[in-house]
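Spelled out from the first residue to the last, the chains are:
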Amino acid sequence: MRDFRRTLRDATILIFDGGMGSLLQRRGLKPGQSPEQFGMTHPEVVATIHKEYIQAGARVITTNTFGATSYKLPRDLGVFETNETMARIARQAAGGNALVAGSVGPTGRMVAPLGDVSFRELVDVFKEQIKGLLSGGVDLILGETHYDLAEARAVVVAAREVCDLPVGISMTFEGGLSLTGTTPEVFALTMGNMGIDLLASNCSAGPEELVLVARAMLRVTDIPVLIEPNAGLPELVDGATVFRLPPDPFASAVAVLAAEGVSCLGGCCGTTPDHIRALAATCSGKSVYRREAPGKPCPVVTSRTMSVEVGFDSPCRLIGERINPTGKPALTEELQRFETRRIISLAEEQVVQGADLLDVNVGAPMVDEARMLPLAVTALTRALSTPLCLDSISVEAIRAGLEAYPGSALVNSISGEAERMDLLGALCRDYGAPFILLPIKGRNLPVTAPERLAIIEELLIKAESLRIPRRLILVDALALTVSSKPEAARACLEVIRHCRDKWGLASTVGLSNISFGLPARDLVNSTFLAMAMGAGITTFIANPNAGRIQESLAAAEVLLGRDRQAAHFISVYAGWTPDAGPDLPAVQKCDEEGGPVAVAVIKGHKDRIAELLRERLDAGVDPFTLVDTEMIPAIAKVGEKYEKREYFLPQLLLCAETMQVGFDSIKHLLQRDGAHARDTIIMATVEGDIHDIGKNIVCLMLKNFGYTVVDLGKDVRAADIVDAAVRHKASVIGLSALMTTTMVHMEDTVRLVREQGLDCRIMVGGAVVSQAYADLIGAHGYADDAVAAVRVATKLCSEVAGHRS
């Protein structure tokens, strides 16, 4: 029973346990108290709950360690000791009747630049926890309720560095997205690259919403899937949080997933042994639906919010080559100063021109790549969703870049150089990074196809010995210049065909190499691209601004049958003439309404905004006019893009920070006579709750719109919140809660405001809060994200102003 991987291969549905926190509450856990702290002083209660789930039919129980990291545990509890003890309790309760999953929840912190911790710091925090779980005897590591892809990756890397136990990762989604904008598909593809054993989604809502999440993941992966819904949505009854969905309807709603390919089922918040008993009974005798793999394995490159498949059935992907200091002295000088302005400009231009991926090369004289590459990666991932290709000969630079990157970056490249595959191949395997395999070994370039194929085969054997899956490998067919080696093009095409037909491997080339030393290089490049696409190439590295290359790419996609009804071709080339070329999007410096200041806010050009504002002021523009007619409309536009899902949390934060930098640079001009001052808003995370990510984002957005924000922090008593509102003459109090056990304290503040007759309004929000809950406790407004919070706060401030006048 102790082999989880073997158990996953069984034909029957694997039943996991249900909620822990709500059961602990019923047995003495106080609101806001750490479940782990309670478990350490009441081990018999935890053991009893585990046994009840096993008796109900659970074949996997989960340790009471969801918050057992150094970031969340009370200071008097040791991380290793707590995790070891909780794991041992579960292990003893399970005996030979169940497997034990070591629960690893989110830390409540976010990886920089969204938060204040580095990826490596998170990995080290999780390693400390996992070592305790391992010592206590768990059978697998299960990351639960994660809402950011970067943190989910950190759990996997930590587990790989500590042990070889199976790893499962569960992400929570609302409206089809995680908090930071990841879809179930991108999550599944990224985790698939990392080679995890179990994909999962839990919490969020009831079974109906998670059915949609499960279907999305099943469409793109053949990894076993676990679904653990809540027992409906939380409601407040007599001061306690309850989930009303009874066991039998819960079981019926969840069990339907077995017919679609979900092989593991369980419960989350509000579920009890009775829910699991009903689920086990409903699934009894049902076999796992063995679904077919969703197509041939091929490299998939992901960012936090999008994925690009590099396969034979996908369009040929253009990797933009322009972020490279070779021949660019201005870019080199910027890199030497560790600045990223030109990198962002080059990236934005290439994306507009059609690049599917962006190659990032910062190798230049007097540039520390291990420092500069992660800086570039961080800047690019904040500004754009386009996946990146990290290009460096430095293993340490690649490592730093992969730690700064929130998804699965493409690595360029791994050659036959001594120990390169051992060092960089293993790194790519552990970080889930597809890589370009470069058939060069020694000092001489392999000219003929047999020479290249021999090196490729040798490297493939080496990769297999390192347990590197072929889905991570993209072969460079090695385009050598035909001006000096006339047979080079034919050899390259032969390699492309062999990779496709014999090995099923995707391939790429550095396109411009083929024409070096020749006139009319674009003509040679574009012709060779068409030939390579016919041979089966899946990506190429080039300048996306080259019109002839774009023409050949678009026409070849039609001829290869991948541009259905020639829809893309017609949309771009309907007005084509030989002289005009393609109708490529122009790269616009001010492509949004409102001028350069507005564009800086909308694009998140944080390092330019102050300079642009100075230029406008020097031109005689009134600072108040700048704020009212350019900056505020621009940040409102950002909010619109966020709500339309054109922007996600990283872009929202970058734009908000840009706005704040702009405000700070002209603040001294806006303070005369108290002009431009707006209402005061008190913000706080309620008592017992130590989560403040969402609240902090709301604070930043409110400041962007000119409100005076008093942030009281997290774990704040209702009396302190109300005292601050009185002291600052606040118009609105904003309350946040992430946990069902702490959301009940929102009503405490509402009651105190009412008792004291304060003339202010209360808005609430947080992952577990809903409009229905806000109405139930008497809050005046509810917001489900930071953009909505600004809108609600503005409405409530207007109500207060009207009442006070």
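Look up: the structure comes first, before these words.
Quick caveat: nothing in here was measured; it's all calculated off a predicted structure.

As a further point, take the packing of aromatic side chains. If you walk through the whole model with that rule in mind, you get 3 aromatic pairs. Seen from their ring centres, Phe569 and Tyr573 are 4.9 Å apart, and the 20° between their planes marks the pair as stacked. Of this pair, Phe569 and Tyr573 both sit in helix H21 (residues 567-573), 4 residues apart, which is roughly one turn of the helix. A relative accessible area of 8% places Tyr573 in the buried class.

Our focus in this paragraph is the nonpolar core. Counting residues in hydrophobic clusters, the biggest one holds 160 residues, and the most contacted among them are Met191, Leu265 and Phe540. Here the element with the most residues in this core is helix H7 (residues 149-162); it accounts for 9 residues.

Looking now at the pattern of salt bridges. Counted according to the given criterion, the structure contains 36 salt bridges. Residue Asp422 pairs with Lys462 through a salt bridge whose shortest N-O separation is 2.9 Å. Here Lys462 lies in helix H17 (residues 449-465) and Asp422 lies in helix H16 (residues 420-431), a separation of 40 residues in the sequence. A relative accessible area of 34% places Asp422 in the partly exposed class. By relative accessible area, which is 31% here, Lys462 ends up partly exposed. Glu458 serves as the salt-bridge partner of Lys441, at 2.4 Å between the closest nitrogen and oxygen. On the criterion of sequence distance, the pair formed by Lys441 in the loop between strand E17 (435-437) and H17 and Glu458 in helix H17 is long-range, its members being 17 residues apart. Judged by relative accessible area, which is 41%, Lys441 ranks as partly exposed. Taken together, the shared-partner salt bridges connect Arg120, Asp124, Lys127, Glu161 and Glu403 into one network.

Further remarks concern the environment of Val213. With respect to the helices and strands, Val213 occurs in helix H9 (residues 207-218). Given a relative accessible area of 3%, Val213 falls into the buried group. In the structure, Val213 is positioned 13 residues away from Ala200 in sequence and 9.5 Å away in space, judged by C-alpha atoms. If sequence neighbours within four positions are ignored, Val213 has contacts with Phe173, Pro184 and Ser201.

Residue position: Thr685 is located in strand E21 (residues 680-685). Exposure remark for Thr685: the relative accessible area of 0% places this residue in the buried category. Dropping the residues within four chain positions of it, Thr685 is found in contact with His691, Asp692, Lys695, Gly713, Lys714, Asp715, Val716 and Ser736.

In the case of a regular strand, side chains alternate between the two sheet surfaces. In terms of burial, strand E24 (residues 761-765) is a largely internal element, 5 of the 5 residues being buried. Side chains Arg761, Met763 and Gly765 project from E24 onto one buried face, and the interleaved Ile762 and Val764 project onto a second face that is buried too. In terms of strand pairing, strand E23 (residues 732-736) meets E24 through 5 bridges, oriented parallel. Each residue of the ladder has a partner; that of Ser736, found in E24, is Gly765. Where the polypeptide runs from E23 across helix H28 (residues 746-755) and back to E24, its parallel neighbour, the crossover connection is right-handed. As paired elements, E24 and strand E25 (residues 781-782) share 2 bridges and run parallel to each other. Each bridged residue has a counterpart across the sheet, and for Met763 the counterpart in E25 is Gly781. Tracing the backbone out of E24, into helix H29 (residues 771-777) and back to the parallel element E25 gives a crossover that is right-handed.

Look at helix H6 (residues 119-136) against H7: their axes get within 8 Å of each other, and the N-to-C directions meet at 50°. It follows from the interaxial angle that H6 and H7 lie oblique. The chirality of how H6 crosses H7 is right-handed. Contacts between H6 and H7 pair Phe119, Arg120, Leu122, Val123, Phe126, Lys127, Ile130, Lys131 and Leu134 from the former with Ala150, Glu151, Arg153, Ala154, Val155, Val157, Ala158, Ala159, Glu161 and Val162 from the latter. In terms of residue class, the contact of H6 with H7 is made up of 13 nonpolar, no polar and 6 charged.

Definitions and cut-offs
- Per chain, residues are indexed from 1 in the order of the written sequence.
- Restriction of local features to residues with pLDDT of at least 70 applies here, the model being predicted, together with a cutoff of 80 or more for giving and counting side-chain atom pairs; totals for whole chains, interfaces and linings are based on all residues.
- For the side-chain quantities, the full set of heavy atoms in the structure was used; hydrogens and water were omitted.
- Aromatic rings from Phe, Tyr and Trp, taking only the six-membered ring of Trp, are treated as a pair when their centres fall within 6.5 Å; an angle between ring planes under 30 degrees marks them as stacked, one over 60 as edge-to-face, and anything in between as tilted.
- Numbering of helices and strands starts at the N terminus; helices are DSSP runs of H or I of at least 4 residues and strands are runs of E of at least 2.
- Residue exposure (1.4 Å probe, protein chains only): buried if accessible area is under 20% of the type maximum, exposed if over 50%, otherwise partly exposed.
- By nonpolar core we mean a set of buried residues, namely Ala, Val, Leu, Ile, Met, Phe, Trp, Tyr and Cys, connected to one another through side-chain atoms within 4.5 Å.
- In what follows, salt bridge is the name for a side-chain nitrogen of Lys or Arg lying within 4 Å of a carboxyl oxygen of Asp or Glu.
- Any pair of residues with heavy atoms lying within 4.5 Å of one another is described as a contacting pair.
- Should DSSP find at least two bridges between two strands, the strands are taken to pair.
- Call a crossover right-handed when, viewed with both strands pointing away from you, the route from the first strand across the helix to the second goes clockwise.
- Here an angle of 0 to 180 degrees is reported between the N-to-C directions of two axes, which are lines fitted to C-alpha atoms, with helices fitted over the stretch in contact.
- An angle below 35 degrees is treated as roughly parallel, one above 145 as roughly antiparallel, one from 65 to 115 as roughly perpendicular, and anything else as oblique.
- Take the far helix as the reference: if the near one is turned anticlockwise from it by less than a right angle, the crossing is left-handed, and if turned clockwise, right-handed.
- As a working rule, the residues Ala, Val, Leu, Ile, Met, Phe, Trp, Tyr, Cys and Pro are called nonpolar, Asp, Glu, Lys and Arg charged, and the rest polar, with Gly in that last group.

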